Amino acid sequence: MKKLFLFVLCAYLFIGCKKEAAMESATTTADTATTVAPVEFADAKYSEIGKKSLEALSKDDMDAWMSMYADNAKFYWNSGDSLVGKPAIDKYWRERRTNVIETITFAKDIWLPLKINEKGNIPIDGYWLLSWYQVTAKYKGGGTMTQWIHNSYHFDANDKIDMVNQYVDRVPINAALPPKK
């Protein structure tokens, strides 16, 4: 009887321990499933905003182009120059499209909308749109320039662009401009 009792007790402990291990495994799996990835693909609507932006700029529709920007937007270039505020961005680009750039076209565009959930190396979390495209610009009284440009756009809570980082090579642009008098 003692042997039977010990056998039943051991079996009971063995089965009880196995259930706890299975429950721990299930809990760990559930926790992992609810963990948010630091970066994930975002809605394609951000790519459409970017495409519409380039389309408006190429058509010289500056009102449509500026409608995509937040009032507190910032525009940065890799050279260290920047524009702060929608009025400054509007003034610069409207002047540039009216007096400097005759035509501008964009081709071979690539769009990658992302949602950043953890800042990490990124200064701001939220929705970002990365873009790469080939731009060809013909300048008034000057030459033509073609190069690849990379932009990163950040969007505010209203899906307006509140930050642009543009990576551009100024050398071909300056070479295509007419000589300064």
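This section reports on the structure supplied with the text. For every chain, the first residue of the written sequence is number 1, and numbering continues from 1 along that sequence. Thresholds applied to this predicted model are a pLDDT of at least 70 for local features of residues and 80 or more for the giving and counting of side-chain atom pairs; totals over whole chains, interfaces and linings are not thresholded and use all residues. Heavy atoms from the whole structure form the basis of all side-chain values; hydrogens and water molecules are not counted.

Comments concerning empty space enclosed by the protein
Here a cavity denotes grid points, spaced 1 Å and computed from the protein atoms alone, that fit a 1.4 Å probe unable to get out, and a pocket denotes an open set having protein on both sides within 12 Å along at least 5 of 7 lines; residues with an atom within 4 Å of a point are the lining. Grid points are joined across faces, edges and corners, and a volume is the space filled by probe spheres set on the points. On inspection of all chains with the given rule, the structure shows 1 cavity of 30 Å³ or more. Elements that contribute at least two residues to the lining of the largest cavity include exactly α2 (45-58), β2 (69-77), α4 (86-100), β4 (101-116), β5 (126-139), β6 (144-155) and α5 (170-176). Amino acids outside the nonpolar list (Ala, Val, Leu, Ile, Met, Phe, Trp, Tyr, Cys, Pro) and the charged list (Asp, Glu, Lys, Arg) are all regarded as polar, and Gly is one of them. Looking at side-chain class alone, the lining of the largest cavity contains 20 nonpolar, 3 polar and 2 charged residues. Strands are runs of DSSP state E lasting at least two residues, helices are runs of H or I lasting at least four, and both sets are numbered from the N terminus onward.

Quick look at the sheet that holds β2
Reading across from one edge, β1-β4-β5-β6-β7-β2-β3 is the order of the 7 strands in this open sheet, with mixed pairing throughout. Of all the strands in the sheet, the pair left with one neighbour each is β1 (39-41) and β3 (82-84). Within this sheet the neighbouring strands show an average axis-to-axis angle of 25 degrees, counted without direction. Relative to β5, β4 runs antiparallel, the two being bridged by 13 bridges. Bridge pairing links Ile110 to Trp132 in β5. Only heavy atoms matter for contacts: two residues are in contact if any of them lie within 4.5 Å across the pair. Convention adopted: a line fitted to C-alpha atoms gives each axis, helices being fitted over their contacting stretch, and angles between N-to-C directions are expressed from 0 to 180 degrees. In the packing of α2 onto the sheet, the strands contacted are β4, β5, β6 and β7 (161-167), and the crossing angle to β4 comes to about 170 degrees. Two strands qualify as a pair provided that DSSP identifies no fewer than 2 bridges between them.

Considering the pattern of salt bridges
Salt bridge, as applied in this entry: a Lys or Arg side-chain nitrogen positioned within 4 Å of an Asp or Glu carboxyl oxygen. Scanning the entire structure with this criterion turns up 8 salt bridges. Between Asp159 and Lys45 there is a salt bridge; the shortest N-O distance is 2.9 Å. Residue Asp159 is found in the loop between β6 and β7, and its partner Lys45 is found in helix α2; the two are separated by 114 residues along the sequence. The salt bridge involving Asp81 is made with Arg170; its shortest N-O contact spans 4.0 Å. Here Asp81 is found in the loop between β2 and β3, whereas its partner Arg170 is found in helix α5, with 89 residues between them in sequence. According to the relative accessible area criterion, Arg170 is partly exposed, its value standing at 25%. If you follow the salt bridges from partner to partner, you end up with Asp63, Asp90 and Arg94 in one network. Note on classification: 1.4 Å probe, protein chains only; a residue is buried when its accessible area is under 20% of the maximum for its type, exposed when over 50%, partly exposed between these limits.

Quick look at the pairing of β7
Consecutive side chains along a regular strand alternate between the two faces of the sheet. Here β7 lies mainly inside the structure; 6 of its 7 residues are buried. Bridge count between β2 and β7: 5 bridges; the pairing is parallel. In the sheet register, Lys74 faces β7, and the bridge partner there is Met163. When β6 meets β7, the two strands line up antiparallel, connected through 6 bridges.

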